[in-house]
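Commentary on secondary and tertiary structure
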Amino acid sequence: MKQYLLICQRRLSQNASGVMKPEWFLICALGAFILFLMGTTTSVAADPTPSKWKYAPELLRPFWQGDTIEGESMLFIRDLKTGQTKASVLFPIEKVLSIHNSAGDITYEEGRDYLWRPGTREIILTKKSRITSRMTTQLRRPAGSQKHKLTHRDGHGEIFFGGKLEYHDMQTCITYKHAPIDWNEIVPTFNEKALPRTIQKLRKHEPVSIVLIGDSISSGCNASGWAGGAPYQPSFPGLLQRHLEARYKTKVSMTNPSVSGKDTRWVLGAIDKVLQPDPDLVIIAFGMNDAAGRSAKEYQANTKAVMEKIREKRPQTEFILVATMLGNKNWIRLKHDLFPQYRDALSELCEPGVALADMTSIWTEFLKRKQDWDLTGNGVNHPNDFGHRVYAQVLSTLLIPPTPADSTTSASLAPKVVSLWKDRAPIGEGQFEKSDANITVYRPKKSNGAAIVICPGGGYMRLVIDPEGHRIARWLNRFGITGVLLKYRLPTGRPFVPILDAQQAIRMVRANAKNWNIDPDRVGVMGFSAGGHLASTAATHFDAGNPKADKLIDRQSCRPDFAILVYPVVTMGKHTHGGSKKNLLGPNPSEELVELFSNEKQVTAQTPPVFLAHALDDKPVPPKNSKALFQALQAKKIPSKYLELPYGGHGLNGLKGPMWDAWQKQSMEWLAKLKFIPVNDAKK
């Protein structure tokens, strides 16, 4: 019967005058009357050509699990100032597997259509790329020129509205392998006690009735199947239904009386529609339309009243409360501060039998990494195909227990972020400040006990934290080594600030050695560029800890057991990197300070073993930095190795290629030779 409505829509849209012929009016009226008698509604997601879309479980695997993102959407924007056209993805890229248009019928070629660098989150288009792109001006329309008033926050015209597939056709999809980021604080987890009756029925392969009640997002708006375009993906209700049926091998009915434009006040008068299918589970998904001004208190009261009305007639019903995705922050109609308030209000209603699907927190994190135009289906308040899949992934996580294949990576456990300084952080000379310095601990599934504190570079002006941090930590996990990424404070002329953070990180690893399965006698440090200077400073400036200290961490030595330095800044003298020196020591440092932080002059018999790698053609940081330190180590008979690379420049060809591979391979072999890791682990 749904086909009546589709035919009516098409006939009306094909008629230029917008007036339907009498015979078609009668047909459509008859169809609508029959649908009314059947208790359905015109807003049920139609997904008109589902046979053209094939279910694949990997598409519904939660994006935060595993090391591969499937079909993430992005919209390429051309910068008129630089002439560059690019878009961002969620995670640092390790390998691009495919890039194709949203319809899925055109696959693009690396080099010909796009470029990328390992460890970054950007895809850049070539000048002759076939990939669709836009300028930001093309995502605007003159005021009053559209059906819906979508005034931009800056007052210059309106946000371009896409009623069907307009944004879908502008967007591109990427599948890639990535370095993980800790999303554990914001993503859902399976908890059988939250929805026990529904999960028990699913496990027993009994039929389950689900009712979804919501607004236009729940109606399926802007999913390609809803709009009738390739790849014809169902909206999230249909995706969830198919995924549950595939995983549990049982019949799941999904009734969807959602109506576009409605809010929590409306649903109070639609309880009979919700109860009619005798639901085991009711998913309540409002908030986007409420955010035009309804208070969080009223929003919560309405939602609570809906649940109470349903439980009056069906006490066993369980609920999932959906905290909505975010709308476009540039649309003035929405009060964006209400979205987190709504989420918190729903969270207060959760109890056994009531679970929260928190899309608000996930979308907030998305928009820290991407633009709204990458993810939107209509420009303002609907998800695209990727967003509908994320909705389904979040909901299915609440209903499907994880399997061993759902781990974060093949070699890593979920990373853990730990603050370095709980109260206040020292800056030297008895002074302190508030600090967000922290470590991210990447533990391998099979630890051999070794750990390495990683210091990213960035000229002491910024941190190159993804390619020289997160990616390196995951790489170390493959060898059984715990990677500890240090997010250190930038000095801004306060030279002791970074080393205090590095020393604290080493102490913290040793203090937590038992909990993190680490051998406290095999804790090293690694650094790149200015991070290499910090690592070499840690290897030449240390103490044994205070055995009488009250805190366990203060009793630990901050001497690393070994150091790995890659294209490092070492000296503050003639051959230093000027920017690093100025940022660390200030514009006019004393001779004593220059001497103290010229680490080739601080080598003693207690300096730990050091591995160095440097390219001969490194211009920003001359290889004489590494040579001078190596000579000082040799003079003191410290076990050390200097890998002189014939080419690669600073950064070794963008952290990839044979020179990059060479230092990685040989540094692991060196660790095995010194018995910091097993020989077999070095061969992985």
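Computed from a prediction, not measured in an experiment: that's the story for all the values here.

A few points about the overall build of the protein
- A count of helices and strands for the protein gives 23 helices and 25 strands.
- Over its C-alpha trace the protein gives a radius of gyration of 29 Å, about what one expects of a compact globule, namely 26 Å for 684 residues.
- Each principal axis of the C-alpha distribution contributes one length, and for the protein these read about 100 × 55 × 45 Å.
- Looking at the protein residue by residue over its 684 residues, the buried ones come to 56%.
- Within the protein, residue pairs in contact and separated by at least 24 positions form 76% of the contacts whose partners lie at least 6 positions apart.
- Carbon and sulfur atoms form 52% of the exposed surface of the protein, whose accessible area is close to 29,800 Å².
- The average position of the 90 basic charges and that of the 65 acidic charges among the side chains of the protein differ by 2 Å.

Examining the side chain of D215
- With respect to the secondary-structure elements, D215 resides in the loop between β11 (208-214) and α5 (216-219).
- R294 provides the closest opposite charge to the buried, unpaired D215, separated from it by 9.8 Å.
- With near-sequence residues (within four places) excluded, D215 lies in contact with S258, V259, S260, K262, A285, F286, G287, M288 and N289.

Description of empty space enclosed by the protein
- Here the structure, examined in full by the defined rule, presents four cavities of 30 Å³ or more.
- There is about 60 Å³ of room inside the largest cavity.
- Counting residues per element, the lining of the largest cavity draws most heavily on strand β1 (residues 68-74), at three residues.
- Class assignment for the residues of the lining of the largest cavity results in five nonpolar, two polar and three charged.

Points about helix α16 (residues 496-511)
- Across its 16 residues, α16 extends 22 Å between first and last C-alpha, which sits within 8% of the 22 Å expected from 1.5 Å per residue.
- Among the 16 residues that make up α16, 13 are buried, leaving the element largely enclosed by the rest of the structure.

A word on the packing of α16 against helix α17 (residues 530-540)
- For the pair α16 and α17, interaxial distance at closest approach is 10 Å and the crossing angle is 65°. Between α16 and α17 the crossing geometry is right-handed. On the side of α16, the interface is formed by P498, I499, A502 and I506, while α17 contributes L534, T537 and A538.
- Tallied by class, residues from the contact of α16 with α17 come to six nonpolar, one polar and no charged.

A look at the sheet that holds strand β4 (residues 93-101)
- Read from one edge to the other, the open sheet built from three strands follows the order β1-β10-β4, with strand pairing classed as antiparallel. The sheet terminates laterally at β1 and β4, the two strands that pair on one side only. The sheet shows a mean angle of 25° between the axes of neighbouring strands, direction not considered.
- Sheet analysis places β1 next to strand β10 (residues 172-178), joined by five bridges and oriented antiparallel. Of the residues in β10, the one forming a bridge with T68 is K177.

Criteria and cut-off values
Residues numbered from 1 in each chain as written. Predicted model: local features only at pLDDT ≥ 70, side-chain atom pairs only at ≥ 80, totals over all residues. Heavy atoms only, no water. Helix = DSSP H or I, 4+ residues; strand = E, 2+ residues; numbered from the N terminus. Rg over C-alpha atoms; globule rule 2.2 N^0.38 Å. Buried < 20%, exposed > 50% of the residue type's maximum accessible area, 1.4 Å probe, protein only. Contact = heavy atoms within 4.5 Å. Areas by Shrake-Rupley, 256 points an atom, 1.4 Å probe, with all protein chains shown as cover. Lys, Arg positive; Asp, Glu negative; His and termini not counted. Charge placed at Lys NZ, Arg CZ, Asp CG, Glu CD. Salt bridge = Lys/Arg side-chain N within 4 Å of Asp/Glu carboxyl O. 1 Å grid on protein atoms, 1.4 Å probe; cavity = no way out; pocket = protein on both sides within 12 Å on 5 of 7 lines; lining within 4 Å. Points joined across faces, edges and corners; volume = space filled by probe spheres on them. Nonpolar A, V, L, I, M, F, W, Y, C, P; charged D, E, K, R; others polar. Expected span 1.5 Å × (residues − 1). Axes fitted to C-alpha atoms, helices over the stretch in contact; angles between N-to-C directions. Left-handed = near helix turned anticlockwise from the far one by under 90°. Pairing = 2+ DSSP bridges.

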